[in-house]
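Per-entry structural report
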Amino acid sequence: MAGFFVVFEGGDGVGKTTQIDRLAGLLRAPAGGGFEVLTTREPGGTQLGQELRQAIMHGGHVAPRAEALLYAADRAHHVHTKVRPALERGAVVIQDRYVDSSIVYQGGARGLGEEVERISRWATEDLVPDLTIVLDMEPSQGRLDRELDRVERETAEFAALIRQAFLDLAARDPDRYAVVDAARSIEDVEVDVTAVVRAAMAGAGLGSADAPVGPAADPGLEPWGTP
Ligand code: TMP
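In this report, we go over the structure that sits alongside the text. (Residues numbered from 1 in each chain as written. Predicted model: local features only at pLDDT ≥ 70, side-chain atom pairs only at ≥ 80, totals over all residues. Heavy atoms only, no water.)

What follows is about the packing of helix α3 (residues 64–89) against helix α4 (residues 99–109). At their nearest, the axes of α3 and α4 sit 11 Å apart, and the two run at 175° to each other. Viewed along their axes, α3 and α4 adopt a mutual orientation that is roughly antiparallel. Contacts between α3 and α4 involve E67, A68, Y71 and R75 from the former and V99, S102 and Q106 from the latter. Considering only residue class, the contact of α3 with α4 consists of three nonpolar, two polar and two charged. (Axes fitted to C-alpha atoms, helices over the stretch in contact; angles between N-to-C directions. Helix = DSSP H or I, 4+ residues; strand = E, 2+ residues; numbered from the N terminus. Parallel < 35°, antiparallel > 145°, perpendicular 65-115°, else oblique. Contact = heavy atoms within 4.5 Å. Nonpolar A, V, L, I, M, F, W, Y, C, P; charged D, E, K, R; others polar.)

In C-alpha cells:
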C-alpha cells in the first residue's frame, strides 16, 4: 500500500496522545515532508466506533467475549472505512492502539488466549502496521509511605502484566516494533519517536532518514524529502 501505518501502543497514561499529536505536526509541516497525516484511535475512531466505545465503557459488566467482539467490530469498521482508504491515498496513518491492545488486554489480561488475535486479523483483513511504537514506562505506584491496599496492589499488578505483554510482543518481531522509554521528558521521547519513524518511513521509500528529528516546534527543521 502507498501510505505508511504507524501504531502507538502501551499501558494507560504513557503519553501516547501527546506523542501522536507531535509526530503528526512534524510530518504535516512542509519542513517535515508535508505528508497527509490521519491521526485516529481505537476504540472510537468512527461514529459507529464511538457508539461501540460507549457500549464497552458504559460502566456495567460486559462479558469478556462480548467485549473482545466489540473491540473487533470497532476495528473492522474503522479499518475498512477510514484506515485502508487513507493508506491507499498515500497518507501516513498514526493510530492510538490497534490489534496488540486486544492481544494484551483481552487475550492476555482477561485470559481469552490466542483466539483474540485471529479474530482481529480476520476483522482487519490482515492489515499489519508498518511500525508499532511501544511507549514503555514502569507503572507508577506513586510514593506511598504505607502498604498498598488490595485494590491498589491489583491495579499495580495488572499494569505490570500489561507492560510485560507489550514488551513480549515487541520482542517477537523487532523489525516492525520499536520500544521507546517513555519515562523521560516529552521532548526526549519525541526525539526518539521521530528518529524511529523517519528511519522506518525512509525504509519504505517515504522521506529521508537523514532528516532532522523533533521537537516539532523547532523552526530550524530542514525539509526531509517529498512524500
Ligand atoms: P484509551 O482510549 O484511553 O487508550 O483507552 C482505551 C482502553 O481500552 C484502554 O484501557 C485499553 C482498552 N482496550 C482494550 O482492552 N482492547 C482493545 O483492543 C483496545 C483498542 C483498547
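Turning our eyes to something else, we now look at the site of the ligand. Taken together, the residues surrounding the ligand are D12, E42, P43, R53, M57, Y71, R75, R97, S101, S102, Y105 and Q106. In this structure, an oxygen atom belonging to the ligand sits 3.3 Å away from a side-chain N or O atom of D12. Here R75 contributes a side-chain N or O atom positioned 2.9 Å from an oxygen atom of the ligand. Contact with the protein chains removes 82% of the 480 Å² of surface that the ligand exposes when unbound. For the shell around the ligand, the secondary-structure elements that each account for two or more residues are α3 and α4. Of all the elements, α4 adds the most residues to the shell around the ligand, at four residues. By residue class, the composition of the shell around the ligand is four nonpolar, three polar and five charged. (Near = heavy atom within 4 Å. Polar contact = N/O pair within 3.5 Å; in protein donor to acceptor, adjacent residues only side chain to side chain. Areas by Shrake-Rupley, 256 points an atom, 1.4 Å probe, with all protein chains shown as cover.)

To continue, consider unusual backbone geometry. Looking along the chain, the bond that leaves E42 and enters P43 is cis, with omega of -5°. Among the secondary structure elements, P43 is positioned in the loop between β2 (37–41) and α2 (47–56). Phi at R97 takes a positive value of approximately 75°, unusual for a residue other than glycine. Here R97 is to be found in the loop between β3 (92–96) and α4. The exposure class assigned to R97 is buried, which follows from its relative accessible area of 12%. Located in the positive-phi region is D126, a residue other than glycine, with phi close to 60°. Among the secondary structure elements, D126 is positioned in the loop between α5 (115–123) and β4 (131–136). Residue classification places D126 among the exposed residues on the basis of a relative accessible area of 51%. (Buried < 20%, exposed > 50% of the residue type's maximum accessible area, 1.4 Å probe, protein only.)

What follows is about the packing of aromatic side chains. Inspection of every chain in the model, using the stated rule, returns three aromatic pairs. Ring geometry for F5 and Y98: centres 5.2 Å apart, planes at 75°, overall edge-to-face. Taken as a pair, F5 in strand β1 (residues 4–9) and Y98 in the loop between β3 and α4 lie far apart in primary sequence, 93 residues in all. Just as F5 is buried, Y98 falls in that class too. Summarising the aromatic geometry, the rings of Y105 and F158 are spaced 6.3 Å apart at their centres and angled 50° between planes, so their arrangement reads as tilted. With Y105 in helix α4 and F158 in helix α6 (residues 150–172), this residue pair connects regions lying 53 residues apart in the sequence. (Phe/Tyr/Trp six-rings, centres within 6.5 Å; stacked < 30°, edge-to-face > 60°.)

Glancing now at the sheet that holds β2. Within the open sheet, the five strands sit side by side as β2-β3-β1-β4-β5. Their pairing is parallel. One side of each edge strand has no neighbouring strand; the edge strands of this open sheet are β2 and β5 (177–181). Going from strand to strand, the sheet's axes swing by 20° on average, the running direction of each strand aside. The strands that helix α7 (residues 186–203) touches are β1, β3, β4 and β5; relative to β4, the one it contacts most, it runs at about 165°. (Pairing = 2+ DSSP bridges.)

A few words now on the environment of A204. Inspection of the secondary structure puts A204 in the segment after α7. Considered as a pair, A204 and V62 are 142 residues apart in the sequence and their alpha carbons are 41 Å apart.

Attention shifts here to the layout of surface pockets. When its volume is computed, the largest pocket comes out at roughly 1000 Å³. Lining the largest pocket are 47 residues; nearest its centre among them are G10, G11, D12, R97 and Y105. Listed by contribution, the elements that provide at least two residues to the lining of the largest pocket are α1 (16–28), β2, α3, α4, β4 and α6. When residues in the lining of the largest pocket are grouped by element, the largest group, eight residues, is from α6. (1 Å grid on protein atoms, 1.4 Å probe; cavity = no way out; pocket = protein on both sides within 12 Å on 5 of 7 lines; lining within 4 Å. Points joined across faces, edges and corners; volume = space filled by probe spheres on them.)

In terms of nonpolar packing, the biggest core is built from 23 residues, with F8, I94, I133, L135 and V193 touching the most fellow members. Taken together, the elements giving at least two residues each to this core come down to β1, α1, β3, β4, β5 and α7. V7, A86, V93 and I162 belong to the second-largest nonpolar core, a separate cluster that totals 21 residues. (Core = buried A, V, L, I, M, F, W, Y, C linked by side-chain atoms within 4.5 Å.)

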